[in-house]
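Topology and contacts: notes
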Amino acid sequence: MQARENWGSRMGFIMAAAGSAVGLGNIWRFPYMAGENGGSAFILIYLAFVFVIGLSVMTAEFAVGRKTSLAAVGAFKSVNPSWTFAGVLGVVSAFFIMGFYPVVGGWALAYVLKSVTGLLADAGAIGDSFGAFITSPAEPLIWMIIFLLMNIVIVAKGISGGIEKAGKVLMPTLFALLILIAVRSITLPGAGAGLAFLFTPDFSQVTGQTVLAALGQAFFSLSLGMGCMITYGSYLSKDEKLPNNALIVTTLDTGVALLAGIAIFPALFAFGMEPAAGPGLVFVVVPTIFAQMGGFGTILSVLFFVALTVAALTSSVSLMEVVVSYLIDQRQMERKKAVYTTGAIMTVTGILSSLSLGIMSGVTFLGVGVFDFFDILTDKIFLAIGGMLIAIFVGWVMNKEDLQDELTNGGTIEFGLFNVWYNLVKYVIPVAVAFVAVAGIISIAQTGLMIFGLAVIVLLAVFSKKLG
Ligand code: PFF
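This section reports on the structure supplied with the text. Fair warning: this is a prediction, and the values are worked out from it, not measured in the lab.

So, how was this worked out
Residues numbered from 1 in each chain as written. Predicted model: local features only at pLDDT ≥ 70, side-chain atom pairs only at ≥ 80, totals over all residues. Heavy atoms only, no water. 1 Å grid on protein atoms, 1.4 Å probe; cavity = no way out; pocket = protein on both sides within 12 Å on 5 of 7 lines; lining within 4 Å. Points joined across faces, edges and corners; volume = space filled by probe spheres on them. Nonpolar A, V, L, I, M, F, W, Y, C, P; charged D, E, K, R; others polar. Helix = DSSP H or I, 4+ residues; strand = E, 2+ residues; numbered from the N terminus. Near = heavy atom within 4 Å. Polar contact = N/O pair within 3.5 Å; in protein donor to acceptor, adjacent residues only side chain to side chain. Areas by Shrake-Rupley, 256 points an atom, 1.4 Å probe, with all protein chains shown as cover. Core = buried A, V, L, I, M, F, W, Y, C linked by side-chain atoms within 4.5 Å. Buried < 20%, exposed > 50% of the residue type's maximum accessible area, 1.4 Å probe, protein only. Contact = heavy atoms within 4.5 Å. Salt bridge = Lys/Arg side-chain N within 4 Å of Asp/Glu carboxyl O.

**A short note on empty space enclosed by the protein**
- What the rule picks out here adds up to 3 cavities of 30 Å³ or more.
- Volume-wise, the largest cavity comes out at about 130 Å³.
- Lining the largest cavity we find 16 residues, and of these Ser20, Tyr101, Phe220, Ser223 and Leu319 sit closest to its centre.
- Looking at the lining of the largest cavity, its residues break down into 10 nonpolar, 6 polar and no charged.
- In this structure, the second largest cavity spans a volume of roughly 50 Å³.
- Taken together, Ala71, Ala72, Val73, Gly74, Val91, Val322, Ser325, Tyr326, Asp329 and Gln330 make up the lining of the second largest cavity.
- Broken down by secondary-structure element, the contributors of at least two residues to the lining of the second largest cavity are helix 4 (72-79) and helix 15 (294-331).
- Its residues assigned to classes, the lining of the second largest cavity comprises 6 nonpolar, 3 polar and 1 charged.

**Regarding the site of the ligand**
- Around the ligand sit 15 residues in total, of which Ala21, Gly25, Tyr101, Phe220 and Met226 are the nearest.
- In this structure, an oxygen atom belonging to the ligand sits 3.1 Å away from a main-chain N or O atom of leucine 24.
- Contacts to the ligand include tyrosine 101, whose side-chain N or O atom sits 2.5 Å from an oxygen atom.
- Notes on the ligand: free accessible area 340 Å², of which the protein chains cover 100%.
- Secondary-structure elements contributing two or more residues to the shell around the ligand are helix 1 (10-21), helix 2 (24-36), helix 11 (208-221) and helix 15.
- Within the shell around the ligand, the residues separate by chemical class into 7 nonpolar, 8 polar and no charged.

**Concerning the nonpolar core**
- Ranked by internal contacts, the top residues of the largest apolar core, which has 174 residues, are Trp28, Phe283, Phe304, Val394 and Trp421.
- Residues in contact with phenylalanine 304, not counting those within four places in the same chain, are Ile27, Leu177, Leu178, Ile181, Val282, Val286 and Phe290.

**Details of the pattern of salt bridges**
- All chains considered together, the criterion is met by 7 salt bridges.
- Residue aspartate 379 pairs with arginine 29 through a salt bridge whose shortest N-O separation is 3.3 Å. Of this pair, aspartate 379 sits in helix 17 (residues 370-397) while arginine 29 sits in helix 2, and the two are 350 residues apart along the sequence.
- Classification of arginine 29 by relative accessible area gives buried; the value is 1%.
- Notably, a salt bridge pairs aspartate 379 with lysine 380, separated by 3.1 Å at the nearest N-O pair.
- Judged by its relative accessible area of 0%, aspartate 379 falls in the buried class.

As structure tokens, this is what we get:
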């Protein structure tokens, strides 16, 4: 086996892991999910899931990765070959998420240029122009491909060369910009209604779907349930404190999501827009804010979409890395070849996905187009089940003493909450996720799609030993 690369520094790891977590999930997806699911109550449920389930699963993933020094599939396989499928499910999830993620990454990239080519000239037309852009046959494809090429270049360079540097420089920029936009947003006249939407919960509207959406969003946003954090943990040095790193990454990720909400909703209400407007939210509300700020707004808009692109990029490279490290570790492929193969296939899925929003919108499978197929399957089934499998694996398959050893760096550091964490992972999380998944899945419209997703997981489990 090739020697394992390591993170250049502690800061480098946190930046890269936070870079994976903070992405389109926080800035594009979180606001529109919150908007579609009634705002505040959804956010509170989301926060509870993040800090009880997400934080524990992230700690578990780091522990599995560092203990085995292997990426997702190899990590499961090395402990028990019957569990190989849980890792492969993660690779499938990463691949599926990359079926739509680069499309949205491409939108972000396109909006950098659009910010200086007239998008902001007519604030009233920004919404329509977004709709026209994403449904057009060629333009979004070009941006999607450029975005994918950036991924290919970074991942081909290897873990500490490319990914780490990109994260270190550009994550803080994003943070600063969001704060700036949030301040502008809350000081707009009429912004109060947006703050009320964010912070006054109405639990009467909560359904099984809301709860599943919050759980899916928590896993998606934290990059959990698919082995990404196992893979990143496998590169982590033996003297890092895993629970602390998990807490830092979770807090940063949640901070950015909330900040994105605070940036968007007050302005949205101030402009009299619809909170449930869907995936266009950030691409319409933020430019509208900037459109009213003159030349300065143009500069800020460029900066914002550059930062959004970079946030998307530091996440998508981690997704691509899950697939690539599977090919390197389990299929003995050379890194460059693994990256180019993966990149080529993702270009095809990305093209289909983008076209499914426009000229191919009539082409559906199990009731949904390609973009939604990838999005719904991963968000509503694969990640939740993947997170549950990791919890079951850690709680019931791995050795408790080994875990304690891993989380306390061989007894050299304290982890006072070890037993709380262990019982959460072993008992509470599997039951809670199963409960939410069942409640959500039965209340979801696309029954056929759900059955298909579950069948994929069962098939992977049956053929587990052949997959490694
Ligand atoms: N966490 C990323 C986001 O919020 O945009 C998306 C993601 C990255 C999900 C990596 C899963 C993953 F493994």
